[in-house]
Structure formats: structure tokens, C-alpha cells
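Coordinate inspection notes
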Amino acid sequence: MADQYAQTRQDNRPAGTPVIRWEEPPEGPVLVLLDQTRLPAEEVELVCTDAPALVEAIQSLAVRGAPLLGIAGAYGVALAAARGFDVDDAARALENARPTAVNLSVGVRRALSAYQTALAKTGDPRQAAPAALAAARQLHQEDAQASARMAEHGLALLDELQPGGGHRILTHCNTGSLVSGGEGTAFAVALAAHRAGRLRRLWVDETRPLLQGARLTAYEAARNDLAYTLLTDNAAGSLFAAGEVDAVLIGADRIAADGSVANKVGSYPLAVLARYHHVPFIVVAPVTTVDLDTPDAASIEVEQRPGYEVTEIMAPQAPVTGAGGGLPVAPLGTQAYNPAFDVTPPELVTAIVTEEGAVSPVTAEGLAELCARSRRSTVGQRP
């Protein structure tokens, strides 16, 4: 049975502090998460003592973002192992918690493989459990390092496309430290530009579902003193038409072998607008997001979110009257189309930036070579 409880922090979380951590109190190990559904109004932590609690947190978007989902999945396997639960069952439940984000399954499988290898050697689940935890911690550290390299490569690409700086960047959804072991993916590039004095404006789409741009990216931009402006998703076209966007930077939840990019719904229309207005459309994601086993866009399963996320709004101080716990904004019984993601074809993507460098133009051959280079660079690095 899921065992998850909340605790409110009395202090302010410093910028850059990880949003996920492993703790070992006397009553047993736990995984502590910053509940992202409560931001920016309040900083509340969720304490998960088993895999079902973590699955619930993943599905509710309390913990989210492709790289962080991979880290969370790995820690979830370690949690099951450390507490003596069925590790295989926990791994299956975690891997299926959200179908589109490939990093989740990557993290789960990596920790599970470490656990199974140690179990085969020792025959004792208690002795095998530390191997899963070590794998999760290693993945956590690698993601932080990848984030820094993505920021470096991304800023170099921006400066190549627009020498002299003054970048006006449009971003979608949330891609900062809330989704990463480091400072993020696309947001990390904008942050690097800001620190270098070369960011003129960060345009922040509000982003469905759950307004993750308005609530989370604006929260991170404010904490890092970026010059930013929030806009509704359907106002982006007027920005392009006015010549106010120099580049679009987004993250990704899965990149197919042909370069098709699944990202938060609304990304594809931005790519179309960017192409029409001759604005670079750049995807920033770790190599682990590239899934060579998914051949193309048609093979990507797109998660469908509950309709009440569209038909209701969440207002914590208001009385709950809707089925989903919010205030109804549509007539009772209204059906809603609410995909969490859409898929952008590779021909609309200017470049895919990873910790191993950028692929441009985006081709199957280029991505395959990038992944091969990444595998070669990690040989002998993992314990």
C-alpha cells in the first residue's frame, strides 16, 4: 500500500538545491520529493516510503520532467530493495507510471540491472540492495554533469546563430532544476546565456497541462533573476509576427530514432510557427532521451491526461466543487481532449543539443552516431 505523506518546509529552498533526495531516518529509508503541484504558492515535500507512493507522485505530476523521472525511477527501485519489497513488481509499476517519457524506464532498468547483478553474485537481497542505490546515485550525478554540458553546447549554438548575444528565447513547459539532477535542459541554456550577459528576454509559455510554464518556469526564472515575460500559449504567434523571438528552446520526453520529438503539448505548433518565421527551433535533452528502439513518431505513445485538468481550475483557497478537486470552468459533463504531449517531426527541428554535442540537421544517422559516441565515452566509467 502506498505510504506517502507531506511536510512543509519552513525555510526557503536555495536555488539549485536538488528536488529529490534519499534519506535514511531510523524508521527506514525514504525518498523525499518537492511536490511540484504545490508550486509556486508553497514548498511542500512528499515523503515516499514505497514504490506505490512514488508511482502516485509521478502520475499526479508531483515529480515530473524527463531526466528527473529517470532519477526518481532508479531511486524507486532502490527504495523497494532497501525496504524488502518485491523489486520486480516495483520496477514494473514504476516503468508504466507514465508511458511517453523514456527516461523513466531507463532509470528503472539501470537500477534493476544493478540489483539483479548483485543478487546473482550474493544470493542475498539485503546485500544486493546497496547496488540499486549506488546505480541511482550514479545516474543522479551523471544527469547533473550532463546538464552543465548541455548548457555549454546550447549557448555556443545560440551564439553561433546570433553572434553578439541579446538573445530573446521562447521556451515551453518547464526544463530547469525542477526536472533535473542539475540546472536542467533548455532552461539551463537560457540560464547560461543570462549569466554570460547575453539573454535579453525569456518568453515563458504558460503551458498545459497544469500551467507548468506559468507555475514552474516563471518560478525558476524569478529565483534566478532572469528577465522573463509570461504569455498564454496561443499568444506565441503574435510574438513571432512582431519579430520578438530569436530562438525557441524546448526539452523532450522522448526522441525517436528518426528525430521525431515528443514534448509537452503545444511544442509542435511552436515548431510550425518557428519554421514559417525562420526562427531556430532547438531541442535540448540528454542522450538518454533518445530512444533508438522507437523508430518514428507513430511509435510514440502519447499520454492522455484527465479531462478535469481542462474543465476545472485549481484554486487552493476556494471551495472544492469539481470532480477533479477544482473550480468548474466548463458546463457539467463537458468532454475534454487533453493530451500531455505532441510530436514534432525532425524536419522542423533545427538542432538537438545533448551533453555529447548537437545534431544538425536532425537525421537518423546523426542521432545513431551521437548515441554510439555516448556509449563509447561511458565505457569503464560506471561501477
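Residues numbered from 1 in each chain as written. Predicted model: local features only at pLDDT ≥ 70, side-chain atom pairs only at ≥ 80, totals over all residues. Heavy atoms only, no water.

**What about the sheet that holds strand E9 (residues 254-256)?**
Pairing between the strands of a sheet comes from backbone hydrogen bonds, and it takes one of two forms, parallel or antiparallel. Using the following cut-off: Strand pairing is defined by DSSP finding a minimum of two bridges between the two strands. The secondary structure listing takes helices from DSSP runs of H or I that are at least 4 residues long and strands from runs of E that are at least 2 residues long, numbered from the N terminus. A contact between two residues is defined here by any heavy atoms of the two lying within 4.5 Å. Only the contacting stretch of a helix is used when fitting its axis, a line to C-alpha atoms as for every element, and angles between N-to-C directions run 0 to 180 degrees.
One open sheet accounts for four strands, arranged E12-E9-E10-E15; its pairing is mixed. Two strands bound the open sheet, and with one partner strand each, they are strand E12 (290-291) and strand E15 (341-344). Relative to E12, E9 runs parallel, the two sharing two bridges. Along E12, the bridge assignment pairs alanine 256 with aspartate 291. Running over the sheet, helix H9 (residues 267-276) touches strand E10 (261-264) and E15 and is turned about 35° from E15.

**Here's the deal with the nonpolar core**
The following threshold applies: What is meant by a nonpolar core is a set of buried Ala, Val, Leu, Ile, Met, Phe, Trp, Tyr and Cys residues, joined one to another through side-chain atoms within 4.5 Å. Residue exposure (1.4 Å probe, protein chains only): buried if accessible area is under 20% of the type maximum, exposed if over 50%, otherwise partly exposed.
Ranked by internal contacts, the top residues of the largest apolar core, which has 49 residues, are Leu31, Leu33 and Val77. Examining the composition of this core, we find that eleven residues originate from one element, helix H2 (residues 66-82), more than from any other. When sequence neighbours within four positions are dropped, the list of residues in contact with leucine 31 reads Ile20, Arg21, Trp22, Leu46, Val47, Cys48, Leu54, Ala72, Tyr75 and Leu79. The next biggest cluster of nonpolar side chains, apart from the first, holds 29 residues, and it includes Val261, Phe281, Ala285 and Cys371.

**Quick notes on the confidence of the model for the chain**
Quick note on the threshold: Confidence scores here are pLDDT values: one per residue, from the predictor, ranging 0 to 100.
Scored by pLDDT, the chain comes out at a mean of 92, with 91% of its residues at no less than 70. Below a pLDDT of 50 lies the segment residues 8-17, which in the model reaches 16 contacts outside its immediate sequence neighbourhood of four places, other chains included.

**Structural notes on the sheet that holds strand E5 (residues 167-171)**
If you trace the seven strands from one edge of the open sheet to the other, you get E7-E6-E5-E8-E11-E16-E17, paired in mixed fashion. One side of each edge strand has no neighbouring strand; the edge strands of this open sheet are strand E7 (228-231) and strand E17 (357-359). Strand-to-strand twist in this sheet, taken as the mean axis angle between neighbours without regard to direction, amounts to 25°. In this sheet, E17 lies alongside strand E16 (residues 351-354) in antiparallel orientation, the contact comprising three bridges. Looking at the pairing, threonine 354 lines up with glycine 357 of E17. Against the sheet, helix H6 (residues 186-195) engages E5, strand E6 (199-205), strand E8 (247-250) and strand E11 (281-284), with an angle of about 155° to E6. Here H9 sits on the sheet in contact with E5, E6, E8 and E11, set at roughly 140° to E11.

**Brief notes about the pairing of E6**
Defined as follows: Look down the strands so they point away from you; if the path from the first strand over the helix to the second goes clockwise, the crossover is right-handed.
Summarising burial for E6: five of the seven residues are buried, a large majority. Two elements, E5 and E6, share five bridges in a ladder whose sense is parallel. When the bridges of E6 are listed, isoleucine 169 appears paired with leucine 202. In this view, the connection linking E5 to its parallel neighbour E6 by way of H6 has right-handed handedness. Where E6 lies against E7, four bridges are found, and the strand directions are parallel. Within E7, the residue paired with tryptophan 203 across the bridge is threonine 229.

**A short note on the environment of tyrosine 337**
Tracing the backbone shows tyrosine 337 in the loop between strand E14 (327-328) and E15. It is 43 Å that separates the C-alpha atoms of tyrosine 337 and glycine 164, two residues lying 173 residues apart in sequence. Tyrosine 337 has contacts with Gln304 and Val310, leaving out every residue within four places of it along the chain.

**Comments concerning the side chain of glutamine 212**
Rule in force here: We call two N or O atoms a polar contact when they sit within 3.5 Å, provided that within protein one can donate a hydrogen and the other can accept it, with sequence-adjacent residues counted only if both atoms are side-chain atoms.
Looking at the secondary structure, you find glutamine 212 in helix H7 (residues 212-223). In this structure glutamine 212 comes out as buried when scored by relative accessible area, which is 1%. Within the local environment of glutamine 212, its side chain forms a polar contact with the side chain of arginine 64, the two groups lying 3.2 Å apart. Residue contacts for glutamine 212: discarding those within four places in its chain leaves Leu61, Arg64, Cys173, Asn174, Glu206, Thr207, Thr217 and Lys264.

**Here we look at the pattern of salt bridges**
As a reminder of what qualifies: Only one rule defines a salt bridge in this text: a Lys or Arg side-chain nitrogen within 4 Å of an Asp or Glu carboxyl oxygen.
With the rule as written, the count across this model stands at 18 salt bridges. We note a salt bridge from aspartate 89 to arginine 92, for which the minimum N-O separation is 2.2 Å. Residue aspartate 89 and its partner arginine 92 are both found in helix H3 (residues 87-95); the two are separated by three residues, about one turn of the helix. Close ionic contact of arginine 168 with aspartate 246 constitutes a salt bridge, the shortest N to O distance being 2.9 Å. Residue arginine 168 is found in strand E5, and its partner aspartate 246 is found in the loop between helix H8 (236-241) and E8; the two are separated by 78 residues along the sequence. In terms of burial, arginine 168 and aspartate 246 fall into one category: buried.

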